[in-house]
Amino acid sequence: MALTFIAETAATVIIENLVSRCFSYLEACPAAGGMQDELEQLQHALPQVQAVLTAVEEGAPVVVRKTALDTWLWQLRDAVENAEDVLDELDYYELQKTDKVRGILSDRMRMSDSFVNGIFSDDTLKRLREAVKGLGRVIADMGSLLHLVTGFYGPGAKSQKLEEIKNARETSSLLTESEVLGREEERDLIVEWLIKPGDADIDLSAFTIVGMGGLGKTTLAQLICHDKRVREYFDLIMWVCVSQDFDVTVITRKILQCMSNVNFGDKGLHVLHENLKRKLTSKRFLLILDDVWNDDKMAEWEKLVAPLKFGQRGSKILLTTRMGSVADKAAKVMKCKREPLNLNKLEESDCMSLFNKHAFLGVRPHDYKNLQLIGEQIVKKLGGSPLAIKIMGGILNSCMDYEYWKKILEEDIMKLQQGKDGIMTILRLSYDHLPANLQLCFRYCSLFPQDHVFKRKTLVNMWIGSGLIPQSICGRQRQPEDIGKEYLNLLTRKSFFTCKTSDNMLKITKEYFMHDLLHDLAQSVSLGECIRIGGDVVGITIPRTVRHLSIEMVNLLSIRAISNLKNVRTLIISVKEYNKHNALHVPEFMKIIKGFKKLRLLILDVNIINTYKLLDALSSLIHLRYLSLSLEDVVDESIKYDGLTNESIEYDGLTNLVNLRSLHVPYLVTNNIPYISKLPFIRKLEDFFVREESGYKISELKNLRDLRHLHISGLRNVRSPEEAIEANLNEKKHLKSLSLDWSTYRSNSAEADEQLLDNLCPHINLKKMHIEQYQGAKSPCWMTGLSLINLTSIKLMHCKRWEHLPPLGQFSSLQLLFLWGLHAIKQMDCSVFGSSSGCAFPSLKHLWLRDMPNLEEWIGIDDRCIFPQLHSMYIADCPNLRGIPTLHYGLRDLHISNVGLTAFPTINQDSANNNQQEHFQALERLVIGQCEKLEYFPTDFFGKFNAIKSLCVEKCPKLTKRGISDIQVPSVLGDLTIGSCGDLEAPLLWSANLTSLTELKLFDCARIASLPPAQVCARWTMLSRLMIKNCKELSSFGGIQALISLRYLDIEGCDKLIEVALLLQPPFPNDVGRKKNAAGLDCFLKNGRLSIDHHALLLMEPLRSLTFVSVFYFNPASQPTSLPEEWLLQNHAALEKIIISGACSLQSLPRSMTKLCSLEFLEVWNANLIQSLPDLPNSLHTLRLNCCHPVLKERCQENIGLDWPKIANIRYLRIA
């Protein structure tokens, strides 16, 4: 199928440039000859080439079936790209032979001098002639195709296409999930099912959204995921996109990653299952499995669901799928009722509302009444598909012209009649109406797997690196990055991507997603050009025309399968599995990589030895623009190659790659690239380490004027302030982020640092500034002078002698201020806020002050507002700070820890809002800790801050109620931590409003003698986690048996509880099976985790009567010689995991261990007295005994030890 593989503009520029350069060559060397006739023919034929390519761009839907045209387009592309390679090679040798990089690039007229001076080899000139002749041969075959392609579209079509990007309305915005239309009924139906109590005999159930692609299954699931009712009901909400590869290990790993930031790497399924089971045991969760295809692998389903059954009762799974059979399979494996919703097309009224939002985005529909009737007719042919409507609306929105809309209705929409897959026809139609440059960028995205999370900078830089956005189309005023960002915005606006913005207080990030159908479309339209192979490449036929290739390989030798692909410009290789033979294959791997001479972009994710040889091999790939290497052994500084460590190896070969724009390599590589100035186009230097030796001085940065992000470390090695001027930071107008790090172990004086920093003045366009380990006392003149008006982020870290801050409050664009380790700062006053009128810190959203031990005063300004936009404030380790200025009512997150406050800071009300109930709705998270001088909260504190969801008050022993008659915490509170907070301990705990509480922690509470009675605990219906530590006066569990949702109970350091327990000493009954549980214990800690530090606690109710604990963690503070055998037997049916920590006095394990028929995991630490093992249950698959007695180690020796038969069948065994 013929595609516009090469944009008309780019092809024309390349041909014109080739002709011009060759004529310059002929003028300089008239005796050479040999190209005069071909060049004149190319000049003559260029208008015809433009006509053909223009017609192809405008008439692609008509000419796609013309095989002859398809063949000719590939031939033309080959010829044009060969010409481009030769021109690039000429530029490369120019750059290599001169120090005046910028002068050469800006003055192509010096090319003739290059020819005369013999810079270029005979081989290069030979390829130049061949490129001209190759283009000539292709163009000679063009005549018969010209009439075929020029008659399809009118003369106005091209101008419309070329203006499309330019005319994009910057004020237009994308829909948010909250604006989804037409799915209210479906949403409410599913939400009601999710939050209703499940059947008593079913722990886990599932609901399935079924529908064809493009009907909005994923969008509906996202809407449900963010529904307030759902958020309040579930402790955890996890989203995993499954897609077609139903890999249980990968899915389980994704679930775990939703719950924590821990990297589970290549952990096996067993370890993942254990982690997941532990994390879910105390939680009521909702797991959303999006885009599920597996409807036949029952065993895989059972493995996936196994650990999920240990969640709290009421946990649910929500699936989206195109196949109703998936709903059947899910119900079967979970032994629950089949609960599907077959998603139908949108109602007509909803279709029109959705269409109008996209088609008339940024304009008033009433101004285009002539288009509304046509719009209604178009919508009727879109099959009620939300995706198709959004995409078509985006297409039409780009040209609000009656004739254009009519053409879409009369000509292109008729294609909907063809074939059974109407949505794909619509998607293809939307693709056909993209400009050629956007089509190319969209096709490129097929290199990524389905459900890939795109980062804007990475994707745009890859587009540029692969040559999709050449400098030739940018002009003098714009950079390729600007064009790439505009392309991505347009593709997003036209619904080829969706964008999600997140704010983690320190950084706002945008992530882009591509719908599965659109990914399918990208794959279908890029056949022969872009290919991604998810499995091993061996045995797969790859077209020789491929330009962009992404593959996974089993081992390095798999690269042989692609060694014949000589036109590849993008190569992404991942060898994910470790193979011990890889070291033997490195030479051949490197040889084949060197053979891809046309490469513009190379990404290698491999575990490879001889890294420095690989990097040296890459030095011959002179066309490279983008290089990314994930090479694990580079991080190890101790590894030696030819007697050299990684620290001492110089990667000087990389400086041959003078066209590099993006370089992503481990920091030890970056640190050891001498003469980095030879890479004039580099955009980002993540760790430039200054040294005194030649090639590593700060002057290497002088000509790197295209830098966007720069991190300079080792500034202690700059020998003089004058040397710093040579970095030319003030001339780097594209620089957005700058980090200056002096590093440790240095002896520079404060005066030297001050002069040095003064001479590192950045350009006014800088947005992010980071200064670390600076030892000067004064602020640099360029900060006090407020010249950096575009700064949005300032981080000053570990600058221990910095005494006087600049007027930070007057940086009008500043959104993040991070001050850490500024030990010399004693006061923050008007000099910091700034002396001019108006607000201080008018745009600041996030403020962090940490480790400022000498900060005593923070003086506000009475008649001026401060922080009007502040969202979060974090103040820690400022023990002498006595007060904080009045804060803005919009504050959402406040963290104060180890600060010398005597009173809670004042939060101002909204002066424009007279509704007293809404003044303090914003604050959602409050942490007050280690404020030992704090004596009271405001009397109206708990009444006004009624939106707090997380509250922590600890280590504030002087707190009193002081005027607060009744403490009622917010009803939405989900997480409460109480610890050593004076008179507030018991009132906070006994508050009647803890109906939403899911997690309660009591630390060092000296005023709490008993937990609340059952009638109070019964109201805590959602509490799943309770931690009680070092509450020395606690002597009663109260009525905690009424906590029906509790799944995690941790008790430690409660001395009086132990005293009471030791006095009781009730015997355990001989026949546990006949014992009836105490009232309310049917659900208490069922399938949950119990952690204690004294065995006597098990003699107290309700712990004494527990029978369904699945995890027992024992960290004895006493010196028990044995485990609580009777209690363990009570829980034999449910007990799966036992961990004993600090078992130095334990002499043996219970002889009745075999009766623990569900036990799977046993771990004992410091088992230095245990000399033998009892018989163990057959269910046990993991046994870990640490710090063992020598006799026990001997008895457990494989095949010969006396205890070996007892452990021989245990899968995971460690006795050390």
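Here the residue numbers are simple positions, counted from 1 along each chain's written sequence. Side-chain atom pairs in this predicted model are given and counted only at pLDDT of 80 or more, local residue features only at pLDDT of at least 70, and totals for whole chains, interfaces and linings cover all residues. Water and hydrogen atoms play no part in the side-chain values, which are based on all heavy atoms of the structure.

- Per an unreviewed UniProt entry, the protein chain carries the name Disease resistance protein RGA2-like isoform X1 and comes from Ananas comosus.
- UniProt positions are given in the numbering used here, feature names are shortened, and annotations may be inferred rather than shown by experiment. In the Sequence similarities (unreviewed entry) part of its UniProt record, the protein chain is described as follows: "Belongs to the disease resistance NB-LRR family."

Describing a positive patch on the surface
Point 1. Each patch is built from residues lacking any salt bridge and having more than 30% relative accessible area; the joining distance is 9 Å for like charges and 5 Å for nonpolar side chains (Val, Leu, Ile, Met, Phe, Trp, Tyr). Throughout, the Shrake-Rupley method with a 1.4 Å probe supplies accessible areas, and for residues the shown protein chains are the sole cover considered. By salt bridge we mean one thing: a side-chain nitrogen of Lys or Arg within 4 Å of a carboxyl oxygen of Asp or Glu. Charged residues are defined here as Lys and Arg on the positive side and Asp and Glu on the negative side; His and the ends of the chain fall outside this count. Charged side chains are reduced to one point each, which is NZ for Lys, CZ for Arg, CG for Asp and CD for Glu. A contiguous patch of positive charge on the surface is contributed by Lys455, Lys457, Lys485, Lys507, Lys510, Lys736, Lys767 and Lys768.
Point 2. Strands here mean DSSP runs of E at least two residues long; helices mean DSSP runs of H or I at least four residues long; both are numbered from the N terminus. Relative to the helices and strands, Lys768 resides in strand S20 (residues 768–772).

Focus on the sheet that holds strand S5 (residues 340–342)
Point 1. Here, a strand pair is defined by DSSP locating no fewer than two bridges between the strands. Reading across the sheet, the five strands line up as S2-S3-S4-S1-S5 and stay open at both edges, with parallel pairing between neighbours. At either end of the open sheet lies a strand with only one pairing partner, and these are strand S2 (236–243) and S5. Each neighbouring strand pair of the sheet contributes to a mean axis angle of 15°, computed without reference to strand direction.
Point 2. In this description, contact between two residues means that some pair of their heavy atoms is separated by no more than 4.5 Å. Only the contacting stretch of a helix is used when fitting its axis, a line to C-alpha atoms as for every element, and angles between N-to-C directions run 0 to 180 degrees. Most of the contacts of helix H10 (residues 217–225) go to strand S4 (residues 315–321), to which it runs at about 155°, and overall it touches strand S1 (204–210), S2, strand S3 (285–292), S4 and S5.
Point 3. Sheet contacts for helix H12 (residues 248–259): S2 and S3; angle to S2, the most-contacted strand, approximately 150°.

Description of unusual backbone geometry
It is generally the case that most residues other than glycine have a negative phi and that most peptide bonds are trans.
Point 1. Of note, the amide linkage connecting Glu1101 to Pro1102 takes the cis form, showing an omega dihedral of 5°.
Point 2. You can see Pro1102 is positioned in the loop between strand S34 (1089–1092) and strand S35 (1111–1114).
Point 3. For Gln773, which is not a glycine, the phi torsion comes out positive at approximately 65°.
Point 4. Of note, Gln773 is situated in the loop between S20 and helix H30 (781–784).
Point 5. The backbone of Asn898 shows a phi angle near 55°, a positive value even though the residue is not glycine.
Point 6. Inspection of the secondary structure assignment puts Asn898 in strand S27 (residues 893–899).

What about the pairing of strand S10 (residues 548–552)?
Point 1. Buried residues are those whose accessible area, probed at 1.4 Å on protein chains only, stays under 20% of the maximum for their type, while exposed residues exceed 50% and partly exposed ones sit between those limits. The element S10 is extensively covered by neighbouring structure, given that four of its five residues are classed as buried.
Point 2. Two elements, strand S9 (residues 530–536) and S10, share five bridges in a ladder whose sense is parallel. Along S10, the bridge assignment pairs Ile533 with Ile551.
Point 3. Where S10 lies against strand S11 (residues 570–574), five bridges are found, and the strand directions are parallel. Paired with Ile551 across the two strands is Ile573, which belongs to S11.

Side note on a negative patch on the surface
Point 1. Among the surface-exposed residues, Glu185, Glu347, Glu348 and Glu376 lie close enough to one another that they form a single negatively charged patch.
Point 2. Along the chain, the position of Glu348 falls in helix H16 (residues 348–359).

Notes on the nonpolar core
Point 1. Side-chain atoms within 4.5 Å link the members of a nonpolar core, which is a set of buried Ala, Val, Leu, Ile, Met, Phe, Trp, Tyr and Cys residues. Of all hydrophobic cores here, the largest spans 204 residues; its most connected members are Ile771, Phe841, Trp858, Phe867, Met873 and Leu1090.
Point 2. Looking at this core element by element, the count peaks at five residues for helix H25 (residues 582–594).
Point 3. Ignoring any residue separated from it by four or fewer positions in sequence, one finds Met873 in contact with Leu847, Trp858, Phe867, Ile884, Leu887, Leu891, Asp893, Leu894 and His895.

Comments concerning the packing of helix H9 (residues 184–195) against H10
Point 1. In the contact formed by H9 and H10, the axes pass within 10 Å of each other and the chain directions differ by 50°. On the basis of the axis angle, H9 is oblique to H10. For the crossing formed where H9 meets H10, the hand is right-handed. Every residue of H10 that contacts H9 at Glu186, Arg187, Ile190, Val191 and Leu194 is listed here: Leu220, Leu223 and Ile224. Angle categories: roughly parallel below 35 degrees, roughly antiparallel above 145, roughly perpendicular from 65 to 115, and oblique for all the rest. Crossings are sorted by hand: turned counterclockwise from the far helix by less than a right angle, the near helix makes the crossing left-handed, and turned clockwise it makes it right-handed.

Some details on the packing of aromatic side chains
Point 1. The pairing test for Phe, Tyr and Trp rings, Trp by its six-membered ring, is centres within 6.5 Å, and the orientation test on the planes gives stacked under 30 degrees, edge-to-face over 60, and tilted for anything in between. On inspection of all chains with the given rule, the structure shows 20 aromatic pairs.
Point 2. Look at Phe246 and Trp301: their rings are 5.0 Å apart centre to centre, the planes differ by 40°, and that puts the pair in the tilted class. Here Trp301 lies in helix H14 (residues 298–305) and Phe246 lies in the loop between S2 and H12, a separation of 55 residues in the sequence.
Point 3. The class of Trp301 is buried, set by a relative accessible area of 1%.
Point 4. Seen in terms of ring centroids, Phe454 and Phe497 are 5.4 Å apart; in terms of plane orientation they differ by 80°. Their pairing is edge-to-face. Of the two residues, Phe454 sits in strand S6 (residues 454–455) while Phe497 sits in the loop between helix H23 (480–493) and strand S7 (498–503), which places them 43 residues apart along the sequence. One exposure class covers both Phe454 and Phe497, and it is buried.

Notes on the side chain of His519
Point 1. With respect to the helices and strands, the residue His519 is situated in helix H24 (residues 516–525).
Point 2. On the basis of relative accessible area, His519 is assigned to the buried category, the value being 5%.
Point 3. Discounting chain neighbours no more than four positions away, the residues touching His519 are Cys445, Ser446, Phe448, Pro449, Gln450 and Met514.

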